[in-house]
Amino acid sequence: QVQLVESGGGLVQAGGSLRLSCAASGRTFSRYTMVWFRQAPGKEREFVAAIRWYDSSTYYADFVKGRFTISRASAKNTLYLQMNRLTPEDTAVYYCATREYVLGWYTAPRAYDYWGQGTQVTVSS
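My aim in this report is to walk through the structure given alongside it, one point at a time.

How each quantity is defined
- Residues numbered from 1 in each chain as written.
- Predicted model: local features only at pLDDT ≥ 70, side-chain atom pairs only at ≥ 80, totals over all residues.
- Heavy atoms only, no water.
- Helix = DSSP H or I, 4+ residues; strand = E, 2+ residues; numbered from the N terminus.
- Buried < 20%, exposed > 50% of the residue type's maximum accessible area, 1.4 Å probe, protein only.
- Contact = heavy atoms within 4.5 Å.
- Core = buried A, V, L, I, M, F, W, Y, C linked by side-chain atoms within 4.5 Å.

What to know about the side chain of Thr-33
Stage number 1. Among the structural elements, Thr-33 can be located in strand β4 (residues 32-39).
Stage number 2. Of the residues examined, Thr-33 reaches a relative accessible area of 4% and is grouped as buried.
Stage number 3. Sequence-distant contacts of Thr-33, defined by excluding residues within four places in its chain, comprise Ala-50, Ile-51, Arg-52, Ala-97, Thr-98, Arg-99, Glu-100, Tyr-101, Trp-105 and Tyr-112.

Printed below as a string of structure tokens:
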């Protein structure tokens, strides 16, 4: 049973930074792709960033390039999202998710089999 538990959300002022974590358990994730999505009130869940566990290759949504960095710590089975230069538009619940590796990058929520419960990020102006 795969379990994903996010942490690290909170309230931050515009221009600030946060680092989200996602502790993964229940599998050996070496052949998995792990991702971050976010969902703001009244909006659909949107893709943020992805990482392939086995080689750390990454893929980002255009709106976060240069501000957010996805990474993983294999020994800890933990996924991270470092978020810098936050704006109020980044306010959302952030979710980590995972699926077994397939060729290509997938940005639709339905492509992912396992989800965490989410962590709230609020950016004040």
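Once you've had a look at it, read on.
Quick word on unusual backbone geometry
Stage number 1. Residues other than glycine seldom take positive phi values, yet Ser-56 does so here, at roughly 60 degrees.
Stage number 2. Relative to the helices and strands, Ser-56 is located in the loop between β5 (46-52) and β6 (58-60).
Stage number 3. Looking at Ser-56, the relative accessible area reads 32%, which means it is partly exposed.
Stage number 4. Positioned with a positive phi, Asn-77 is a non-glycine residue whose angle comes to about 50 degrees.

Some thoughts on the nonpolar core
Stage number 1. With 37 residues, the main nonpolar core has Trp-36, Leu-81, Met-83 and Tyr-94 as its most contacted residues.
Stage number 2. Mapped by element, the contributors of at least two residues to this core are β3 (18-25), β4, β5, β7 (68-73), β8 (78-83), β9 (92-100) and β11 (119-124).
Stage number 3. Discounting residues that sit within four places of it in the chain, Leu-81 has contacts with Leu-18, Arg-19, Leu-20, Trp-36, Val-48, Ala-49, Phe-68, Thr-69, Ile-70 and Tyr-94.

In short, the description is geometric, and any link to function would need to be established separately.
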